[in-house]
Every structure is written in C-alpha cells, then in structure tokens.
Amino acid sequence: MSQAYDSRSQQAFAAAVCRVMRESRRRQKLTQAEVAQRTNGLVSKAALANYETGHRSLRVDVLWVIAGALGEDLGALLSAAERNVTTRPSPFGTGSLTVDVNEVMASPDPRLSVVKRWFELRANSSTTMTLDEGAIAALAALMNVRPDECRRLLLTSSRSRAPQPHAANGV
C-alpha cells in the first residue's frame, strides 16, 4: 500500500509503536521494571517508561531488545503498529479536482507558491485546470503537506469544482 510520508505520519507511527509495546506489556501483566530486567540491563525501567510515553525516541536496536524481552516478534509488533496508524478519508474529497488557475495565482497564501510556479511552467491559456490524484499528490509533496491538505488549500483558494471521477484528459 502506498502512503505519503510526512512528519505527522512519522509521529503517528512512532506513537503507535509505543502504544503497541505498552499494550503488550500490560496484556502480559508485566511491570516496566520486569521488562527492563528481562533486557539484562540494556534498557532501564526509566528508559522504558520514556519510550512507552514517547518522551524518548526509540531506536530500532532498542525496540528489538524490548520486543525480545516482551516475547514479541519484532515484525508482528511493527505490523500491529502500522495497522493502528489510520488514514482518515479527507473531508475535501478524492478524485480529480478542477481549479480556477487565475484565482489560485491571485491567492496570497504563500504555501501555494509551488503550485503557482507549476502552473506557470505548464503555461497554457486555459483558465481552469483539472488535477488528478497523482498531480495533487505530486504538488502536495512539493509543498511538503499531505495530499488532503493540498486539496483543501486548492479548494479554498479558488472556485474549485467538486471532485470528479478520473477524467481521461486530467493532469
């Protein structure tokens, strides 16, 4: 499954790993001290508490040690965390989006500077442009935002039309 990676998704995944690790410990009715003891001194109780709460970044080698102390398969633990990172449907729709180029170009929002430059490079005389999901994802990556945020910015900066089914002539 393809997913856009940004700082929010990284933070959500890191929090999910900590949550899965903590849930495993609690399900087994183990204290943090007991898990720390099972690591043979490689991870202290205080460090484990900080990892579980997200107050300390968890390196993969430390996660491997903790997973072993919990009797968990590292791959299964990571898969469980990944399943817990949900992507919510965008309230701004999906599919193609037709935007009024002149209104986007006139927007004072500095986040749209990359989109404006992209429109300039495409230099066609049309006053509207239909962007497919791939184009929206590419622009979002250039803007360093999620595709749903890019879509929202485009919708609020122009009289964008509602999402449409994939059009054969979309960008």
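Scroll up to find the structure this text is about.
Residues numbered from 1 in each chain as written. Predicted model: local features only at pLDDT ≥ 70, side-chain atom pairs only at ≥ 80, totals over all residues. Heavy atoms only, no water.

Visitor: How do you make sense of the packing of aromatic side chains when you look at a structure like this?
Guide: Ring pairs (aromatic) are described by centroid distance and by the angle formed between their planes. Tallied over the entire structure, the rule returns one aromatic pair. Here the aromatic rings of Trp118 and Phe119 are separated by 5.9 Å at their centres, their planes lie at 45°, and the arrangement is tilted. (Phe/Tyr/Trp six-rings, centres within 6.5 Å; stacked < 30°, edge-to-face > 60°.)

Visitor: Just checking my understanding: could you explain the packing of helix α8 (residues 133-143) against helix α9 (residues 147-157) for this structure?
Guide: Packed helix pairs are characterised by how far apart their axes lie and by the angle those axes make with each other. Their axes nearest at 8 Å, the elements α8 and α9 cross at an angle of 95°. Between α8 and α9, the angle is such that the two are roughly perpendicular. Side by side, α8 and α9 meet where Glu133, Ile136, Ala137, Leu139, Ala140 and Met143 of the first sit next to Pro147, Cys150, Arg151 and Leu153 of the second. Partitioning the contact of α8 with α9 into residue classes produces eight nonpolar, no polar and two charged. (Axes fitted to C-alpha atoms, helices over the stretch in contact; angles between N-to-C directions. Helix = DSSP H or I, 4+ residues; strand = E, 2+ residues; numbered from the N terminus. Parallel < 35°, antiparallel > 145°, perpendicular 65-115°, else oblique. Contact = heavy atoms within 4.5 Å. Nonpolar A, V, L, I, M, F, W, Y, C, P; charged D, E, K, R; others polar.)

Visitor: Looking at this structure, how should I read the nonpolar core?
Guide: Nonpolar side chains in soluble globular proteins generally cluster together in the buried interior. With 21 residues, the main nonpolar core has Met21, Val43, Tyr51 and Ile66 as its most contacted residues. At seven residues, helix α4 (residues 60-70) tops the list of elements feeding residues into this core. Here Tyr51 is in contact with Cys18, Met21, Val43, Arg56, Ser57, Leu58, Val62 and Ile66, once residues within four sequence places are set aside. (Core = buried A, V, L, I, M, F, W, Y, C linked by side-chain atoms within 4.5 Å. Buried < 20%, exposed > 50% of the residue type's maximum accessible area, 1.4 Å probe, protein only.)

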